[in-house]
Amino acid sequence: MTMNKANFIVHFFVLFLFGSRFSRVAIAGDQNALAASFVFGDSLVDAGNNNYLQTLSRANSPPNGIDFKPSRGSPTGRFTNGRTIADIVGEKLGQPNYAAPYLAPNAKGEELLNGVNYASGGGGILNATGSVFVNRLGMDIQVDYFSITRKQFNQLLGEDKARDYIRKRSIFSIVIGSNDFLNNYLVPFVAAQARLTQTPETFVEDMINHLRDQLKRLYALDARKFVVGNVAPIGCIPYQKSINQLQDKQCVDLANKLALQYNARLKDLLLVELKDSLKEAHFVYANVYDLVMDLIVNYKDYGFRTASEACCGTGTGGRLAGILPCGPTSSLCTDRSKHVFWDPYHPSEAANLLIADKLLYGDSKFVTPFNLLHLRDL
């Protein structure tokens, strides 16, 4: 893309100002660097898609994003105080720029070469998930959108180069499933009828069947390097502790049992079934459940002050900080780096940094069959 002198100066100033965005030229000679990151999922990795939807699930108001340096502390639609796990992983693997939200106006042209983020707060594997938020992008729609991006890559690079770029120099990150429990199966009244007709086993199997089809669709569109996160211990998040009036070290058993049930089936799907049927694919199973539980149980060892209270919430801390989402009228903790949870549902950037580090460089306890650094270099 050519620039006149004025545009070049503006472009250079923006790169200098937003220090976490790196010039593609700087890594042009590093063929091991991650070229593109394609991110699918929910609010744990949403980079701002919900800003462009009429939805009740949004994070586009302060103090969300208060520690996100590229925006100088302004909210971007990320459901945390800083970077998401997907942001951090992309940076560490050498991705030159953050993947733009698919619905953002700048998600076009050469910007697509950095990858695209399709994740949406409230989204789930099942299409019915998140209906309480009115609008959200479920996994089926996210894959539909990637199919459009895939055609755009052919136009940008030509068919052969586009295929190699996506197969060899891109990683597909999928972080989804929590909402299928929190905002579907476990929602009081809304899902009561579903629980009468579906046992936990049949509900989990429904999730797995849908995810299998979604992963196969991505494979057919040339996705080859996958990292898929399991569901975290959702029974231990501040929201669940608050509505169930639990003590600091207590968790909701049913929510965690559902997560573990799904996680066991997910691991089998990725590392046995799809490994055998999709011969050219590489699947990494990210054990987010144990990673987050480790932070919750051993939070003091990691330098945190609390793993039960949200940093940003309503009221003056304590239990009320675990009910309503973070917003302009919320109370804010004095030291964001000392909280495992940013708001009632989402980890803080400090927690995301620790989780990302284990996914990037950790052993098989947390990431199987190999870590993300190895996945990138395949």
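This write-up is about the structure you can find in this document. None of the values given here were measured: they were computed from a predicted structure. (Residues numbered from 1 in each chain as written. Predicted model: local features only at pLDDT ≥ 70, side-chain atom pairs only at ≥ 80, totals over all residues. Heavy atoms only, no water.)

**Some words on the overall build of the protein chain**
- For the protein chain, the count of helices and strands is 12 helices and 9 strands.
- Taking all 378 residues of the protein chain together, 54% fall into the buried category.
- For the protein chain, long-range pairs separated by at least 24 residues make up 70% of all intrachain contacts whose partners lie at least 6 apart in sequence.
- On the protein chain, roughly 16,700 Å² of surface is accessible, and the fraction owed to carbon and sulfur atoms is 56%. (Helix = DSSP H or I, 4+ residues; strand = E, 2+ residues; numbered from the N terminus. Buried < 20%, exposed > 50% of the residue type's maximum accessible area, 1.4 Å probe, protein only. Contact = heavy atoms within 4.5 Å. Areas by Shrake-Rupley, 256 points an atom, 1.4 Å probe, with all protein chains shown as cover.)

**Some words on the pairing of strand S4 (residues 170-175)**
- In terms of burial, S4 is largely enclosed, as 5 of its 6 residues are buried.
- Of the strand pairs in this sheet, strand S1 (residues 36-41) and S4 are connected by 6 bridges, and their pairing is parallel. Considered in S4, the bridge of Ser 37 is made with Ile 171. (Pairing = 2+ DSSP bridges.)

**Side note on the state of the cysteines**
- Scanning the model with the defined rule gives 3 disulfides in all.
- The side chain of Cys 311 participates in a disulfide bridge whose partner is Cys 333; the two sulfur atoms lie 2.0 Å from each other. Disulfide Cys 311-Cys 333: the torsion about the S-S bond is -80 degrees, which places it as left-handed. Remark: Cys 333 occurs in the loop between strand S8 (331-332) and helix H11 (349-361) and Cys 311 occurs in the loop between helix H10 (288-297) and strand S7 (312-313); sequence separation between them is 22 residues.
- Covalent S-S linkage joins Cys 312 and Cys 326, the inter-sulfur distance amounting to 2.0 Å. Here Cys 312 and Cys 326 share a disulfide; its torsion about the S-S bond, 80 degrees, makes the bridge right-handed. Pair noted here: Cys 312 is in strand S7 and Cys 326 is in the loop between S7 and S8, with a separation of 14 residues, a long-range link.
- Judged by relative accessible area, which is 7%, Cys 326 ranks as buried.
- With its disulfide-bonded cysteines labelled consecutively along the sequence, the protein chain is connected as 1-2, 3-6, 4-5. (Disulfide = S-S within 2.5 Å.)

**Some remarks on the pattern of salt bridges**
- What the rule picks out here adds up to 16 salt bridges.
- Between Arg 78 and Asp 87 there is a salt bridge, with the nearest N and O atoms lying 2.7 Å from each other.
- Of the charged contacts in the structure, one is a salt bridge between Arg 83 and Glu 349, with a shortest N-O distance of 2.8 Å. With Arg 83 in the loop between S1 and helix H2 (85-92) and Glu 349 in helix H11, the pair connects residues that are 266 residues apart, well separated along the chain. For the pair Arg 83 and Glu 349, one class covers both residues: buried.
- One network of salt bridges, with partners in common, ties together Arg 150, Arg 167, Asp 222, Arg 224 and Glu 280. (Salt bridge = Lys/Arg side-chain N within 4 Å of Asp/Glu carboxyl O.)

**With respect to the nonpolar core**
- Of all hydrophobic cores here, the largest spans 87 residues; its most connected members are Phe 181, Phe 226 and Tyr 262.
- Those residues in contact with Tyr 262 that lie beyond four places of it in its chain are Ile 125, Ile 176, Phe 181, Val 204, Met 207, Ile 208, Leu 211 and Val 231.
- Cys 311, Cys 312, Cys 326 and Cys 333 belong to the second largest nonpolar core, which has 5 residues in total. (Core = buried A, V, L, I, M, F, W, Y, C linked by side-chain atoms within 4.5 Å.)

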